Amino acid sequence: TGGEKDIEPPKIQNVIVKNTKTSTTIQFDFDEYLQFNEWEKNFYISPPVNNKITKQIKGTSIFVTIEDTLRKEVTYSICLNSCIKDNNEGNILENYSYIFSLNNSLDTFSLGGVLRDAYSLDSLSGACVMLYDVNVHDSLIFKQPPKYISRTNKRGVFNFPNLDSKKYKIFALSDFSFNYSDGQKIAFLDDTINAKNDSAILLLAFNPTLTDSINLDVKSNIIHDSTQHILLDSVSLEDPQIFGRLELIVTKPMSCIIQLISKNQVVIENTYSDITAYKIDSIKPGKYKLKYIFDLNRD
């Protein structure tokens, strides 16, 4: 029969780093013959390097050559997530990264998190998460290379395994790119992060050019929690022309945006300024998520 079917991805056996004055080669030895898998899409090194990176397979080994002079005081992370698969059955190595330094000291603080869409809360895969020095002005973000990068996996999870104890600004783009372009979603935190103190981060990505709201569809119900009350007028589901009305009451006046979301689409969006009762009229019967966005800077 030829034995049982191979369902295991390649396993790493050894890593050798060879450094010269003009380049660094990292040799990855595996337990079986290999082939590339969407290498250009998935491979990256953090911090990013300026010059060319070449790759080569010889038998059960992969050679990655960085034609750049690496800094000895920096800890680098080479990500091979989904970059290779075995030669026979095509089993993909899903999660593997290697950190190294050209001296005997490694920065081993780590920081991880999840990137989600701010409206649907769906995970965003294949996105670029970047760390910048705190002294980089926000207007220059995306106009210069980041200090560290990470790519989100299928669940929107990102990880920086090779950080020092300094503070950084964190930004994300929905495509794996350092430069913003129209149509991309962005995410960021107002506060700086520090891997010595922070461990897990939630980033919410939004389209900064999105200005249109879509008219949309609520089923009569009463919702209550300790901080707010939502009351709905009764709705006759037998008559599709009758609409519901929702009133949200909060404990103190706030500037905010309120959205009703159906099937991951914003169907009603209203803005309010410094009032305690928010009203939404002409709501069709249906099931919705309600999102309350507190407008801190009143813009």
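Here the structure is a predicted model, which is why all the values come from computation and not from measurement.

Trainee: Just to check I follow, could you spell out the sheet that holds strand β4 (residues 44–46) for this structure?
Mentor: The pairing of strands in a sheet happens through backbone hydrogen bonds and is either parallel or antiparallel. Reading across the sheet, the 3 strands line up as β4-β7-β9 and stay open at both edges, with antiparallel pairing between neighbours. Of all the strands in the sheet, the pair left with one neighbour each is β4 and β9 (97–100). Here the average twist between neighbouring strands, direction ignored, is 20°. Strand direction decides the pairing type here: β4 and strand β7 (residues 76–79), joined by 3 bridges, are antiparallel. Within β7, the position partnered with Ile 45 by the bridge is Ile 78.

Trainee: Explain the pairing of strand β11 (residues 128–133) to me, please; I cannot follow it from the model alone.
Mentor: For a regular strand, side chains alternate in direction, first toward one face of the sheet and then toward the other. Summarising burial for β11: 5 of the 6 residues are buried, a large majority. In the sheet, β11 pairs with strand β12 (residues 148–151) via 4 bridges, with the strands oriented antiparallel. Across the sheet, residue Val 129 finds its bridge partner in β12, namely Ser 150. Pairing analysis gives 6 bridges linking β11 to strand β14 (residues 167–173), with the strands arranged antiparallel. Of the residues in β14, the one forming a bridge with Leu 131 is Ile 170.

Trainee: Is there a simple way to explain the sheet that holds strand β10 (residues 109–117) in this structure?
Mentor: Overall, mixed pairing links the 3 strands, which are arranged β13-β10-β17 in an open sheet. Strands with a single pairing partner mark the edges of an open sheet, and in this sheet they are β13 (157–163) and β17 (200–205). The sheet shows a mean angle of 25° between the axes of neighbouring strands, taken without regard to direction. Bridge count for β10 against β13 is 5 bridges, and the pairing is antiparallel. Bridge pairing links Gly 113 to Phe 158 in β13.

Trainee: Help me out: how do you make sense of a nonpolar patch on the surface in this one?
Mentor: A surface patch of nonpolar side chains, amounting to about 250 Å² of accessible area, comprises Leu 121, Leu 202 and Leu 204. Mapping Leu 121 onto the fold places it in the loop between β10 and β11.

Trainee: How should the pattern of salt bridges be read in this particular structure?
Mentor: Any two side chains of opposite charge can pair, given that their charged atoms come close. Scanning the model with the defined rule gives 7 salt bridges in all. Note that Lys 11 and Glu 8 form a salt bridge whose closest N and O atoms lie 3.9 Å from each other. Between Asp 274 and Arg 298 there is a salt bridge; the shortest N-O distance is 2.6 Å. Residue Asp 274 is found in strand β21 (residues 265–283), and its partner Arg 298 is found in the segment after β22 (289–294); the two are separated by 24 residues along the sequence. Take Asp 274: its relative accessible area is 41%, and that puts it in the partly exposed class.

Trainee: Help me understand unusual backbone geometry, please; the structure alone is not making it clear to me.
Mentor: The bulk of non-glycine residues show a negative phi, and the bulk of peptide bonds are trans. Cis peptide bonds are those with omega within 30 degrees of zero, and the linkage from Ser 46 to Pro 47 qualifies with 0°. Mapped onto the fold, Pro 47 is located in the loop between β4 and β5 (53–58). Even without a glycine there, the phi angle at Glu 38 is positive, about 45°. We classify Glu 38 as partly exposed; its relative accessible area is 48%.

Trainee: Is there a simple way to explain the nonpolar core in this structure?
Mentor: Nonpolar side chains tend to gather and get buried jointly when the protein is soluble and globular. Ranked by internal contacts, the top residues of the largest apolar core, which has 22 residues, are Phe 28, Trp 39, Ile 78, Leu 80 and Ile 84. Elements represented by at least two residues in this core include exactly β2 (24–30), β6 (61–66) and β7. If we ignore the near neighbours within four places in the chain, the residues touching Leu 80 are Phe 28, Trp 39, Phe 43, Leu 93, Tyr 96 and Ser 97. Core analysis: the second largest hydrophobic core is formed by 19 residues, Leu 124, Phe 160, Leu 163 and Tyr 168 among them.

Cut-offs and rules
- Residues numbered from 1 in each chain as written.
- Predicted model: local features only at pLDDT ≥ 70, side-chain atom pairs only at ≥ 80, totals over all residues.
- Heavy atoms only, no water.
- Pairing = 2+ DSSP bridges.
- Helix = DSSP H or I, 4+ residues; strand = E, 2+ residues; numbered from the N terminus.
- Axes fitted to C-alpha atoms, helices over the stretch in contact; angles between N-to-C directions.
- Buried < 20%, exposed > 50% of the residue type's maximum accessible area, 1.4 Å probe, protein only.
- Patch = residues over 30% accessible without salt bridge, like charges linked within 9 Å, V, L, I, M, F, W, Y side chains within 5 Å.
- Areas by Shrake-Rupley, 256 points an atom, 1.4 Å probe, with all protein chains shown as cover.
- Salt bridge = Lys/Arg side-chain N within 4 Å of Asp/Glu carboxyl O.
- Core = buried A, V, L, I, M, F, W, Y, C linked by side-chain atoms within 4.5 Å.
- Contact = heavy atoms within 4.5 Å.

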